Amino acid sequence: MKALSLVRMVFATNKVAARHFTVALICAAFGALMLPIPIIMVWKMFVLLLAGGAGASLLVPGVCAFVSVVGYSVLTVVASTHSHKAAFGLSTSIATALVEHIGRVPLHWLADISNGELKKMMSHDVDQIENFIAHNMTDFVSAVTLPLVTIPVLFFVSWQLALIMVIAVAVAEFVQMRSMAILQKNNLMAEYFETMASLHGDAVEYVQGMPDIKIFNRAEASMSRMQNAIRKFKDIQTRSRVLTLHSWALFSTSLSMAFAVIAIAGVYLHKYNRLPFENVVLFIVLGVVTFVPFKRLMRFVTFLWRAGMGYAGVKKLLEVEVEDIGDRRRSEMASADLNVSGLNVYYGEKQVLHDVGFTARAGTVTAIVGPSGSGKSTLTAAIAGLERIHSGTITVGGIPLRDFAPGELSKAISIVYQSPFVFSGTVRENICLGLDAPSEEAMRRAAAMVQCDTLIGGFPEGYDTRIGAGGSVHLSGGQKQRVALARMALRNAPVVLLDEATAFADPESEAAIQKGLSSLLADKTVLVIAHRLPSIAKADNILVIDNGRIVESGTHDALMADDTLYARMWNAYHAARSWMFSTEAPPNGAGDCAHGGRTC
């Protein structure tokens, strides 16, 4: 059933790959039919020689044998070529579908899944399907085609010996089915899936956490988790081999013993003049050839199992529910006003945002502040269309987010995170990300606006310098933020979300960046998530979020007038700013750090 599911996936996912796959299977089938022809021709020559045939009479069988060998070789190469093209085309289509699907799943789903498990689904699982289609399906067709054709023909030669071959094939097939049932019964498939996800996750975590591992000298302890995952994976592989060992031995024995039984039965039939000697020889040699491709199925169950697990992983990822999308365009927006009404967001059964509502007008700055874990980032993600909304509405220019066509929402809203991601590529590619061939002048103007042009000018190849993983230049946190700000400035969306977008910049650079952004953001709807409260003191409206609710809103002066949460946060921020390290002993009677003193 899994093999059929994988075949259906080929035909449904990529029509070109389906054509290659069809050609591969046809060539594999005809190639298998070519395999016994040289044996039959040699047998024919043997019969002619016994009958006293001359050299001329041996020419035709000899030519047929040569042509069939060449034909078998050509068909095998063609089948392999097309099966690999089908596999590569299918894996490309699946990978593309997975990437596109992941781009539409809710942000919290990505937060709940480990990088290793996601990597396994997108890489390892796809590879298992690719390998199965590239190699095992053609072997399967060859192994099945030859017995299906040769055994019925041999029934006309000797039904007794042909029946022995049928029994051998039936036993081998029964053993294969039993092997799959054993693996399923022992739940090894589920364990294999979980262990591979754990192994990938531990490997990714180990590499990403290398700086901290070295600093705190935890290399051995950190490796233990990955070593345990490796041992568990090895144990699963060993158990699967042990569980199917007897089945595989029986599979091989049933095919090998068939030759001995055929030989003994053939001698018996020949002894009593029921079968000519040359026909006995034909059965023996043709039986060997018939079972050669069939023996390749000994490991077919293992490869099918792995491909089936890969198929299950891919299917699981593609079945993650995505947000509905519409067909509205940015050009249809009546204004740049942002309106949030009755917004409720859940993570599983936990409600993170409770009935949030506010309006941000074009040309104004709205700041979002609150304690850690209050829901600021979730609110921003929901506004950016990255989070699933359980109830309520968010509109931009009067258009609900869900009504925007794919790609149009990103033209209406631009977001810069505190820790932006820099892709492997050139500076130019990172700044122009998602835009269709922007002009060089526009790109350089956007970079200059956020003080990024000076930074890029110091790179060895300027805008063509490769950054990100494997790049020739490694960017600091502040430099990544400048690239992300230049990307935002070039996109020039009417609504801008800034999540501490200059947090890593030094004070002088931050002042220059804010000065450059002031003209860009003058007529836009700007939302700012702030941890450094002085940076948003002049905002037109400040929203204070606590436990997923807007508990306060207003200007800085209005919020500071009473004993509000915002006022307490403001005072705590300035108290923290005055805290310092010191090697001097505190004066008598002064509290130490553990009791609220300012020195340590």
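Residues numbered from 1 in each chain as written. Predicted model: local features only at pLDDT ≥ 70, side-chain atom pairs only at ≥ 80, totals over all residues. Heavy atoms only, no water.

Section: the environment of Glu-319
Along the chain, Glu-319 turns up in the loop between helix H12 (300-318) and strand E1 (338-347). For Glu-319 and His-101, which are 218 residues apart along the polypeptide, the C-alpha to C-alpha distance reads 9.2 Å. (Helix = DSSP H or I, 4+ residues; strand = E, 2+ residues; numbered from the N terminus.)

Thoughts on the sheet that holds strand E6 (residues 413-416)
Across the sheet, which stays open at both edges, the 6 strands sit in the order E6-E9-E10-E3-E11-E12 with mixed pairing between neighbours. Here the strands that pair on one side only, and so sit at the sheet edges, are E6 and strand E12 (549-554). When the angles between neighbouring strand axes are averaged without regard to direction, this sheet yields 20 degrees. In this sheet, strand E11 (residues 541-546) lies alongside strand E3 (residues 365-369) in parallel orientation, the contact comprising 4 bridges. Of the residues in E11, the one forming a bridge with Ile-368 is Leu-543. Along the sheet, helix H13 (residues 376-383) makes contact with E3, E6, strand E9 (495-499), strand E10 (525-529) and E11, crossing E10 at roughly 150 degrees. Relative to the sheet, helix H18 (residues 477-491) contacts E6 and E9, its axis offset from that of E6 by approximately 170 degrees. (Pairing = 2+ DSSP bridges. Axes fitted to C-alpha atoms, helices over the stretch in contact; angles between N-to-C directions. Contact = heavy atoms within 4.5 Å.)

With respect to the packing of aromatic side chains
According to the stated counting rule, one finds 3 aromatic pairs in the structure shown. Judged by centre distance (4.9 Å) and plane angle (55 degrees), the ring pair of Tyr-268 and Tyr-272 falls under tilted. A relative accessible area of 47% places Tyr-268 in the partly exposed class. Arranged with centres 5.0 Å apart and planes meeting at 80 degrees, the rings of Phe-421 and Phe-423 form a pair that is edge-to-face. Accessibility expressed as a relative area gives 57% for Phe-421, which makes it exposed. (Phe/Tyr/Trp six-rings, centres within 6.5 Å; stacked < 30°, edge-to-face > 60°. Buried < 20%, exposed > 50% of the residue type's maximum accessible area, 1.4 Å probe, protein only.)

Quick word on the environment of Ser-158
Within the fold, Ser-158 resides in the loop between helix H6 (115-154) and helix H7 (159-185). Look at Ser-158 and you get buried, because its relative accessible area is 4%. Between the C-alpha atom of Ser-158 and that of Leu-275, which follows or precedes it by 117 residues, the distance is 7.5 Å. Every residue in contact with Ser-158, bar those within four places of it in the chain, is listed here: Leu-269, Leu-275 and Phe-283. Reaching out from Ser-158, the side chain makes a polar contact with the side chain of Gln-160 at a distance of 3.1 Å. (Polar contact = N/O pair within 3.5 Å; in protein donor to acceptor, adjacent residues only side chain to side chain.)

Looking at unusual backbone geometry
The phi angle at Asn-492 is positive, at roughly 55 degrees, despite the residue not being glycine. In this structure, Asn-492 sits in the loop between H18 and E9. On the basis of relative accessible area, Asn-492 is assigned to the partly exposed category, the value being 37%.

Quick look at the pattern of salt bridges
The tally for this structure, following the rule as stated, stands at 10 salt bridges. Across the pair Glu-440 and Arg-428 runs a salt bridge, and its minimum N-O distance is 2.5 Å. Taken together, the positions of Glu-440 in helix H16 (residues 440-449) and Arg-428 in helix H15 (residues 427-431) put the pair 12 residues apart, joining distant regions of the chain. A relative accessible area of 34% places Glu-440 in the partly exposed class. Where Arg-445 meets Glu-441, a salt bridge forms, and the shortest distance between an N and an O atom there is 3.5 Å. Separated by 4 residues within a single helix, Arg-445 and Glu-441 lie in helix H16, roughly one turn from each other. (Salt bridge = Lys/Arg side-chain N within 4 Å of Asp/Glu carboxyl O.)

A closer look at the side chain of Lys-524
Looking at where Lys-524 falls in the secondary structure, it is placed in the loop between helix H19 (507-520) and E10. Look at Lys-524: it is buried, it has no salt bridge, and the nearest opposite charge is Asp-523 at 4.4 Å. At 3.3 Å, the side chain of Lys-524 forms a polar contact with the backbone oxygen of Ala-493. When sequence neighbours within four positions are dropped, the list of residues in contact with Lys-524 reads Ala-362, Gly-363, Thr-364, Asn-492, Ala-493, Pro-494 and Val-496. (Lys, Arg positive; Asp, Glu negative; His and termini not counted.)

Looking at H18
With 15 residues, H18 extends 21 Å from end C-alpha to end C-alpha; this agrees with the ideal 21 Å at 1.5 Å per step. Within H18, 12 of the 15 residues are buried, which leaves it mostly tucked inside the rest of the structure. Residues of H18 that are buried include every one of Gly-478, Gln-481, Arg-482, Val-483, Ala-484, Leu-485, Ala-486, Arg-487, Met-488, Ala-489, Leu-490 and Arg-491, and no others. Phi turns positive one or two residues past the end of H18, at Asn-492, with a value near 55 degrees. (Expected span 1.5 Å × (residues − 1).)

A look at H16
Each α-helix winds once per 3.6 residues, and so residues spaced three or four apart point in a common direction. Listed in full, the buried residues belonging to H16 are Ala-442, Met-443, Ala-446 and Ala-447. Along H16, the residues classed as buried sweep out an arc of 135 degrees about the axis, all on the same side. Buried residues along H16 sit against H15, helix H17 (453-457) and H18. Of the residues flanking the end of H16, it is Gln-451, one or two places downstream, whose phi is positive at about 60 degrees. (Arc of directions from axis to C-beta.)

With respect to the pairing of E11
Where E11 lies against E12, 5 bridges are found, and the strand directions are antiparallel. Following the sheet pairing, Ile-545 is matched in E12 by Ile-550. Once E11 ends, the chain turns through 2 residues before running back antiparallel as E12, passing Asn-547 with a positive phi of about 55 degrees.

Observations regarding the environment of Ala-24
Within the element layout of this structure, Ala-24 appears in helix H2 (residues 15-34). Residue Ala-24 is classed as buried on the basis of its relative accessible area, which comes to 0%.

Considering the sheet that holds strand E2 (residues 350-360)
Spatially, E2-E1-E4-E5 is the arrangement adopted by the 4 strands of the open sheet, whose pairing is antiparallel. Of all the strands in the sheet, just E2 and strand E5 (399-400) have a single pairing partner and so form its edges. Pairing analysis gives 2 bridges linking strand E4 (residues 391-396) to E5, with the strands arranged antiparallel. Across the sheet, Val-396 pairs through a bridge with Ile-399, a residue of E5.

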